[in-house]
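# Per-entry structural report
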Amino acid sequence: MAKWKVDAENRGFQARWEAEYMFTEVKGKPVCLLCGESLAVMKEYNLRRHHEMSQKHKDKDKNMNTEQRLQKVEELKRGLKSQQALFTKAKSQSEAAVKASFIVAEEVAKSARPFTEGEFIKNCMLKVCDAVCPDKRQLFSNMSLSRNTVAEHVDQLSTNLKEQLVGKGKDFIAYSTAVDESTDTSDIAQLSIFIRGVDSSLSITEEFLALRPMHGTTTGQDLYEEVSRCVNEMGLPWEKLVGLTTDGAPAMCGHRSGLVARMREWMREENVTDELTAYHCIIHQESLCGKALKMEHVMSTITRAVNFIRAKGLNHRQFKAFLGELDTEYGDLPYHTEVRWLSQGKVLQRCFELREEICLFMESKGKDTTELRDETFLCEMAFLCDITSHLNVMNLQLQGRVISDMYSTVKAFKTKMNLSQFPSCQTMKEKLSTAVFPSAQFADKLNILAADFRCRFADFEAQKNRFELLSNPFAVDVESAPPNLQMELTELQCNDTLKEKYERVGAAEFARFIPIMTGNKCVLNGPVTYFGGDYHDPPVGNHCIRK
């Protein structure tokens, strides 16, 4: 025999029970207005038994008439509602305090500050609250920002971000990775891994994937195991991996045992037909090109002079006072570190502008400045100052851009390299005779730099047709495009609407608006403009389908 279920009786609360048994209904359950106890089953017998037998409110309503009982019921109901509202408000305030705690924890993590900063921030907020809105102090006091709480919140935020990235990764139709290995201040090698994926709507997701400490060796096999573990944790199929960018170290790019070679070998073993395209970081390549000039002797002399002034507090203070007395444009000298590539150009530029003041100050300290006053050295410093400045400008232009734009920037740099674009060299030419200024020597160095650029960016040169197809598909020769794209490229170039869209949004965003042909249907990746408006719904009768 089947067991009888209580909810099968379809019981409902009856209005007369309020006056008779002092009960009301709250969220489908009978609640006693006198003691606040709720019953599990909506049944009159249970309500009557509770009202008559309970010791908590015995004889509380014994001498009341019907009217008095109804008034008492309304009074108790109002009290219950006020109590529920108070609980709801408290819950809302608690949720707001937790949310605020997460917000502060996120800011602490973003600024790379210690987790103990949370308590300091809370104390500051309480003091501000006392001055601005003292009646709200309790709200700020409820917010927990202890070291353990901040650490726990940061960990939860990290887990949530990883889950979001894993969710997005399931929709990737292709992805690439960037890998770099560097040693931290505690001499532990840290492997940083970035991922960049694209889904079927050509929306790009670029995110930091993992930071893995390498406590042992950092061979190509070690790097391969860590990268593989990260990719597998993301649940990404290897056949969708299309690109790998590294820093060019032997452990990364070795032809036999490097990371790139091992990943290609594994993909061949898994019968992945697509070729893995490997790139050496274009910004790192640009930095290495500057070393081809072989002008370290100039930089070492400048570094010694700067260190003499900056290393000792007394010299530094006296030098700044000296510059103040001369009323110079600049009031100090910056430091230069090898890790920060851009600092070299700033130091050279400042030293060239203050070359006379530096010599006078060092001579007042009894230092020999013969080399710093040598005309040949000054010409070399002017040349190195200008070329480094150009390299730094290009370095900044390369950051945060798509690879086609980066390649165009490199090509433009190679084209405009001539001494007429070097202001410091022009200053030295005006000061010295043209015969003294070594123009031919510097022209040879520019040729060496150009040759090093061609050598280092040869792999990018081989991909230039792809870059052109991405940067401006309307200017590409159809016959030079891959055969499987020529038909669609022809249709694209004949579409005036998409051409107008390309001119309006640019190359980086235009890819989302390119129609993808699937059989006899056109799948749109984004809103397509028709007659000046954004068209969101396909016309009746055609085969356009929004993704």
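Note that the structure is predicted; figures quoted are calculated from it, not measured.

Rules of the game
- Residues numbered from 1 in each chain as written.
- Predicted model: local features only at pLDDT ≥ 70, side-chain atom pairs only at ≥ 80, totals over all residues.
- Heavy atoms only, no water.
- Pairing = 2+ DSSP bridges.
- Helix = DSSP H or I, 4+ residues; strand = E, 2+ residues; numbered from the N terminus.
- Axes fitted to C-alpha atoms, helices over the stretch in contact; angles between N-to-C directions.
- Contact = heavy atoms within 4.5 Å.
- pLDDT = per-residue confidence, 0-100.
- Buried < 20%, exposed > 50% of the residue type's maximum accessible area, 1.4 Å probe, protein only.
- Patch = residues over 30% accessible without salt bridge, like charges linked within 9 Å, V, L, I, M, F, W, Y side chains within 5 Å.
- Areas by Shrake-Rupley, 256 points an atom, 1.4 Å probe, with all protein chains shown as cover.
- Salt bridge = Lys/Arg side-chain N within 4 Å of Asp/Glu carboxyl O.
- Lys, Arg positive; Asp, Glu negative; His and termini not counted.
- Charge placed at Lys NZ, Arg CZ, Asp CG, Glu CD.
- Phe/Tyr/Trp six-rings, centres within 6.5 Å; stacked < 30°, edge-to-face > 60°.
- Lys NZ or Arg CZ within 6 Å of the ring centre and 35° of its normal.
- Arc of directions from axis to C-beta.
- Parallel < 35°, antiparallel > 145°, perpendicular 65-115°, else oblique.
- Left-handed = near helix turned anticlockwise from the far one by under 90°.
- Nonpolar A, V, L, I, M, F, W, Y, C, P; charged D, E, K, R; others polar.
- Core = buried A, V, L, I, M, F, W, Y, C linked by side-chain atoms within 4.5 Å.

Looking now at the sheet that holds strand β4 (residues 189-199). The strand order across the open sheet formed by five strands is β5-β4-β3-β6-β7, and the pairing between neighbours is mixed. Lying at the two open borders of the sheet, with one neighbouring strand each, are β5 (204-214) and β7 (277-280). Between one strand and the next, the sheet's axes are offset by a mean angle of 20 degrees, whatever the strand orientation. As paired strands, strand β3 (residues 172-183) and strand β6 (residues 241-246) are joined by four bridges and run parallel to one another. The residue bridging Ala 178 from the neighbouring strand is Thr 245, located in β6. Packing of helix α9 (residues 259-269) onto the sheet brings it into contact with β3, β6 and β7, and relative to β6 it is tilted by some 165 degrees.

Attention now goes to the confidence of the model for the protein chain. Overall, the predicted model of the protein chain reaches an average pLDDT of 77, with 82% of residues at or above 70. Averaged over each element, pLDDT in the protein chain is lowest for strand β10 (residues 528-530) (30) and highest for helix α4 (residues 117-132) (90). This model gives residues 1-10 a pLDDT under 50, and the stretch forms three contacts once residues within four places in sequence are excluded.

All right, on to the side chain of Thr 177 then. Among the secondary structure elements, Thr 177 is positioned in strand β3. Residue class for Thr 177 comes out buried when judged on its relative accessible area of 3%. What Thr 177 contacts, discounting residues up to four positions off in sequence, is Phe 194, Ile 195, Leu 241, Gly 243, Leu 244 and Thr 245.

The next thing to look at is a negative patch on the surface. Taken together, the side chains of Glu 239, Glu 265, Glu 269 and Glu 270 present a region of like negative charge at the surface. For Glu 265, the location among the structural elements is in helix α9.

Per the counting criterion, the structure on display carries eight aromatic pairs. Between Phe 322 and Phe 361, the aromatic rings sit 6.1 Å apart at their centres with planes inclined by 40 degrees, giving tilted as the arrangement. With Phe 322 in helix α12 (residues 313-326) and Phe 361 in helix α14 (residues 355-364), this residue pair connects regions lying 39 residues apart in the sequence. Of the two residues, Phe 322 and Phe 361, neither departs from the other in class, the shared state being buried. Seen in terms of ring centroids, Phe 437 and Phe 442 are 5.5 Å apart; in terms of plane orientation they differ by 70 degrees. Their pairing is edge-to-face. Of the two residues, Phe 437 and Phe 442, both sit in the buried class. It is Arg 355 that lies over the ring of Phe 352; its NZ or CZ is 4.2 Å from the centre.

Once that is clear, we can look at the side chain of Thr 205. Tracing the backbone through its elements, the reader meets Thr 205 in strand β5. Using a relative accessible area of 15% as the deciding quantity, one classes Thr 205 as buried.

Among all positions of helix α18 (residues 423-431), only Ser 424, Cys 425 and Met 428 are buried. Taken down its axis, α18 places every buried residue within 100 degrees of arc, on the same side. Pointing more than 90 degrees away from the buried face of α18 are the exposed residues Pro 423 and Glu 430.

Let us now look at helix α2 (residues 44-53). The periodicity of an α-helix, 3.6 residues per turn, causes residues three or four positions apart to be oriented the same way. Every buried residue of α2 is accounted for by Leu 47, His 50 and His 51. The buried residues of α2 occupy an angular sector of 95 degrees when the element is viewed end-on, so they sit on one face. Facing away from the buried side of α2 by over 90 degrees, the exposed positions are Glu 52 and Met 53.

Moving on, we get to the packing of helix α16 (residues 375-398) against helix α19 (residues 439-456). The interhelical angle for the contact between α16 and α19, taken along N-to-C directions, is 30 degrees, at an axis separation of 11 Å. Classified by the angle their axes make, α16 and α19 are roughly parallel. Judged by the twist between their axes, the crossing of α16 over α19 is right-handed. Residues Cys 379, Glu 380, Phe 383, Ile 387, Leu 391 and Met 394 of α16 form the contact with α19, whose own contacting residues are Gln 441, Phe 442, Lys 445, Leu 446, Leu 449 and Phe 453. Its residues assigned to classes, the contact of α16 with α19 comprises nine nonpolar, one polar and two charged.

Residues Phe 383 and Ile 387 are the most contacted members of the largest nonpolar core, which totals 54 residues. Listed by contribution, the elements that provide at least two residues to this core are α11 (296-310), α12, α13 (341-353), α14, α16, α17 (403-415), α18 and α19. When residues in this core are grouped by element, the largest group, twelve residues, is from α16. Formed by 28 residues, the second largest nonpolar core is a distinct cluster that contains Tyr 175, Ala 189, Leu 191 and Ile 195.

For β4, the tally of buried residues reaches nine of eleven residues, placing the bulk of the element in the interior. In this sheet, β4 lies alongside β3 in antiparallel orientation, the contact comprising eleven bridges. Counted as the bridge partner of Glu 181 is Leu 191 from β4. Joining the antiparallel neighbours β3 and β4 is a turn of five residues, in which Asp 187 adopts a positive phi near 65 degrees. As defined by bridge partners, β4 adjoins β5 across ten bridges and the pair is classed as antiparallel. Directly across from Ala 189, in β5, lies its bridge partner Met 214. From the end of β4 to the start of β5, which pair antiparallel, there are four residues, and Leu 202 there has a positive phi angle of about 60 degrees.

As a further point, take the pattern of salt bridges. Applying the stated rule across the entire model yields eleven salt bridges. Here Arg 373 makes a salt bridge to Glu 356, at a shortest N to O gap of 3.3 Å. With a gap of 17 residues between them, Arg 373 in helix α15 (residues 370-373) and Glu 356 in helix α14 connect regions that are remote in the sequence. Residue classification places Arg 373 among the partly exposed positions, given a relative accessible area of 33%. By sharing partners, the salt bridges in this structure join Lys 162, Arg 212, Glu 226, Arg 229 and Glu 233 into a single network.

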